[in-house]
Amino acid sequence: MLIALLPGDGIGPEVIAQARRVLDVVVGDRLTYEEGLVGGAAYKAVGHPLPEATMEIARRADALLFGAVGDPDCDALERRLRPEQAILGLRAGLSLFANLRPAKLFPELADASALRPEVASAIDLVIVRETNGDVYFGEKGIRTNAAGRREGYDIMCYDEDEVSRIARVGFETARARRGKLCSVDKANVLETSQLWRDVVIEVSADYPDVQLSHMYVDNAAMQLVRNPGQFDVIVTGNLFGDILSDQASMCAGSIGMLPSATLDANNKGLYEPIHGSAPDIAGQGKANPLATILSAAMMLRYSLGLPAEADRIEAAVAKALAGGVRSPDLGGTHTTAQLGDAVLAAL
Ligand SMILES: NC(=O)C1=CN([C@@H]2O[C@H](COP(=O)(O)OP(=O)(O)OC[C@H]3O[C@@H](n4cnc5c(N)ncnc54)[C@H](O)[C@@H]3O)[C@@H](O)[C@H]2O)C=CC1
Ligand SMILES: CC(C)CC(=O)C(=O)O
Ligand SMILES: [Mg+2]
């Protein structure tokens, strides 16, 4: 099975290196890898953040393992050349529309959560975030308005098929878990959200066994901190899901702990930590690689049909944490490579 390995920028290559070490031990030569340039690294090498050569590898691969993109050197570039376009281009170009972001507290990390231990310990949820639409992909630009002033605009738009297909992923995910789906929107002020809510209710007719609720996104942000244990599966749009998942990560200890899978309709997937390229800590050995290692486990489970191997990796991460290894984001002083060492030792 072929893996497209896309390290990207900043801490991306550092965390991918640790995930690769773990995969080498757990699945060995059952996987082969082809590395592709993405993000600022690709822009600097060939003048585009998502070169056709990388897309070609991505299309051929059975799964994609992605680090992160984003490079302060590229901040002044026009939008289509910015590193971040690489991840948007991969999601759109490969129809990767269903981003699953599980947030669960490893019991060993109760002290690292931003929440009180008794509140944090209840967090065990999945955010199902749509990733092919919303303001990230609507018409956008900067124009001069009638008053002669510059105005920026990003059209928020979802069509009913986009909503129903992600709603189905939400219902199926909930059905396989505790049977509760919370759809998060802003239907009190956004037409897009009103349609979202209507379509989710229509789809719910096919899932009478799943308990559906609706919540406005501002309340959802508050409830995630107040009582995260009330959520099983959250289904939401691209923007809201992006924000809520970073927030959920702190309930589970750190942004360096949350993995993700972004799947197409056939479970081909791109696997990546939810975090970005973290330029503030890049190159210092401070990055927590566990989100990426856990993303590799999700890849084995969802796209490669190797659930036992995925379980092994997740158990090794838990064992490493139980052994006391902690990167700075978790309140410790261990390096990126030392976290990788601890997971390998646990394996
Ligand atoms: N999927 C992707 O490739 C994403 C790319 N980005 C890009 O990354 C760049 C930086 O964005 P930020 O807003 O700073 O978000 P970020 O997620 O890169 O970093 C936010 C904060 O969390 C810390 N952090 C992130 N990952 C960590 C890890 N594994 N271990 C320890 N600490 C970690 C960082 O040091 C920073 O203080 C930007 O160019 C942004 O556009 C942001 C999010 C996702
Ligand atoms: C470039 C961003 C849309 C990436 C991001 O923040 C995310 O997917 O979580
Ligand atoms: Mg994000």
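So, here's what we can say about the structure.

About the cut-offs
Residues numbered from 1 in each chain as written. Chains lettered and ligands numbered in written order. Predicted model: local features only at pLDDT ≥ 70, side-chain atom pairs only at ≥ 80, totals over all residues. Heavy atoms only, no water. Helix = DSSP H or I, 4+ residues; strand = E, 2+ residues; numbered from the N terminus. Rg over C-alpha atoms; globule rule 2.2 N^0.38 Å. Contact = heavy atoms within 4.5 Å. Phe/Tyr/Trp six-rings, centres within 6.5 Å; stacked < 30°, edge-to-face > 60°. Buried < 20%, exposed > 50% of the residue type's maximum accessible area, 1.4 Å probe, protein only. Lys NZ or Arg CZ within 6 Å of the ring centre and 35° of its normal. Core = buried A, V, L, I, M, F, W, Y, C linked by side-chain atoms within 4.5 Å. Domains from an automatic or database assignment. Pairing = 2+ DSSP bridges. Right-handed = clockwise from strand over helix to strand, strands pointing away. Axes fitted to C-alpha atoms, helices over the stretch in contact; angles between N-to-C directions. Parallel < 35°, antiparallel > 145°, perpendicular 65-115°, else oblique. Left-handed = near helix turned anticlockwise from the far one by under 90°. Nonpolar A, V, L, I, M, F, W, Y, C, P; charged D, E, K, R; others polar. Near = heavy atom within 4 Å. Polar contact = N/O pair within 3.5 Å; in protein donor to acceptor, adjacent residues only side chain to side chain. Areas by Shrake-Rupley, 256 points an atom, 1.4 Å probe, with all protein chains shown as cover. 1 Å grid on protein atoms, 1.4 Å probe; cavity = no way out; pocket = protein on both sides within 12 Å on 5 of 7 lines; lining within 4 Å. Sits in = over half its atoms within 2 Å of the grid points. Salt bridge = Lys/Arg side-chain N within 4 Å of Asp/Glu carboxyl O.

## Observations regarding the overall build of the chain
Link 1 in the chain: Of regular secondary structure, the chain possesses 12 helices and 12 strands.
Link 2 in the chain: By the compact-globule yardstick of 20 Å for 347 residues, the chain fits well, its C-alpha radius of gyration being 20 Å.
Link 3 in the chain: C-alpha extents for the chain along the principal axes are approximately 60 × 50 × 35 Å.
Link 4 in the chain: The contacts in the chain between residues at least 6 apart in sequence include a share of 75% that link residues at least 24 apart.

## What to know about the packing of aromatic side chains
Link 1 in the chain: The final tally for this structure, using the stated rule, is two aromatic pairs.
Link 2 in the chain: Judged by centre distance (5.3 Å) and plane angle (55°), the ring pair of Y158 and W196 falls under tilted. One end of the pair, Y158, is in the loop between β7 (150–154) and α6 (160–175); the other, W196, is in helix α7 (residues 191–204), with 38 residues separating them in the sequence. This pair shows no difference in class: Y158 is buried, exactly as W196 is.
Link 3 in the chain: Ring plane angle 10° and centroid distance 4.8 Å describe the contact between F171 and Y207, whose orientation is recorded as stacked. Placement of the pair is F171 in helix α6 and Y207 in the loop between α7 and β9 (211–216), with a sequence separation of 36 residues.
Link 4 in the chain: Taking NZ or CZ as reference, R143 lies 3.8 Å from the ring centre of Y153, over its face.

## Brief notes about the nonpolar core
Link 1 in the chain: Counting 84 residues, the largest nonpolar core has L23, L31, L65, M299 and L300 as its most contacted members.
Link 2 in the chain: In terms of residues, this core owes the most to one element, helix α10 (residues 290–302), which gives eight residues.
Link 3 in the chain: When we break this core down by domain, the ones giving at least three residues each are domain 1 (1–99 + 259–347) and domain 2 (114–251).
Link 4 in the chain: Dropping the residues within four chain positions of it, L65 is found in contact with I3, A4, L5, L6, I16, A19, L23, Y271, A296 and M299.
Link 5 in the chain: The next biggest cluster of nonpolar side chains, apart from the first, holds 18 residues, and it includes L6, V38, M55 and L64.

## Side note on the pairing of strand β2 (residues 32–35)
In summary, the side chains of a regular strand alternate between the two faces of the sheet.
Link 1 in the chain: Looking at chain direction, strand β1 (residues 2–8) and β2 are connected through four bridges and run parallel. Directly across from A4, in β2, lies its bridge partner E34.
Link 2 in the chain: The parallel pair β1 and β2, bridged by helix α1 (residues 12–26), forms a crossover whose chirality is right-handed.

## Structural notes on the pairing of strand β10 (residues 233–236)
Link 1 in the chain: In β10, alternate side chains face the same way, and those of V233 and V235 on one face and I234 and T236 on the other are all buried.
Link 2 in the chain: Here four bridges tie strand β5 (residues 124–130) to β10, and the two strands are oriented parallel to one another. Bridging across to β10, V126 finds its partner in V233.
Link 3 in the chain: For strand β8 (residues 180–185) and β10, the ladder comprises four bridges, and the chain directions are parallel. Of the residues in β10, the one forming a bridge with V184 is T236.

## Notes on the packing of α1 against helix α12 (residues 336–346)
Link 1 in the chain: Viewed as axis vectors pointing N to C, α1 and α12 meet at an angle of 15°, and their least axial separation amounts to 10 Å. In terms of axis orientation, α1 runs roughly parallel to α12. Regarding α1 and α12, the two cross each other, and that crossing is right-handed. Where α1 abuts α12, its residues E14, Q18, R21, V22 and V25 lie against T336, A337, G340, D341, V343 and L344.
Link 2 in the chain: A per-class count over the contact of α1 with α12 returns five nonpolar, three polar and three charged.

## Re the site of ligand 2
Link 1 in the chain: With respect to spatial proximity, the complete set of residues near ligand 2 consists of E84, I87, L88, R91, R101, R129, Y136, D242 and I274.
Link 2 in the chain: A distance of 3.0 Å is found between an oxygen atom of ligand 2 and a side-chain nitrogen or oxygen belonging to R129.
Link 3 in the chain: One of the side-chain N or O atoms of D242 is found 3.0 Å from an oxygen atom in ligand 2.
Link 4 in the chain: Relative to its free-state accessible area of 280 Å², ligand 2 is covered by the protein chains to the extent of 74%.
Link 5 in the chain: Taking a 2 Å distance to the grid points as the criterion, the majority of the atoms of ligand 2 fall inside the second largest pocket.
Link 6 in the chain: For the shell around ligand 2, a count of residues per class yields four nonpolar, no polar and five charged.
Link 7 in the chain: Viewed by domain, the shell around ligand 2 spans two of them, domain 1 (1–99 + 259–347) and domain 2 (114–251), each represented by three or more residues.

## Side note on the pattern of salt bridges
Link 1 in the chain: Applying the stated criterion across every chain, the model contains 26 salt bridges.
Link 2 in the chain: One salt bridge in this structure joins E84 and R82, with 3.5 Å as the shortest N-O distance.
Link 3 in the chain: By relative accessible area, which is 29% here, E84 ends up partly exposed.
Link 4 in the chain: What makes R82 partly exposed here is its relative accessible area of 23%.
Link 5 in the chain: Several salt bridges share partner residues, and in doing so they unite D124, R177, R178 and D232 into one network.

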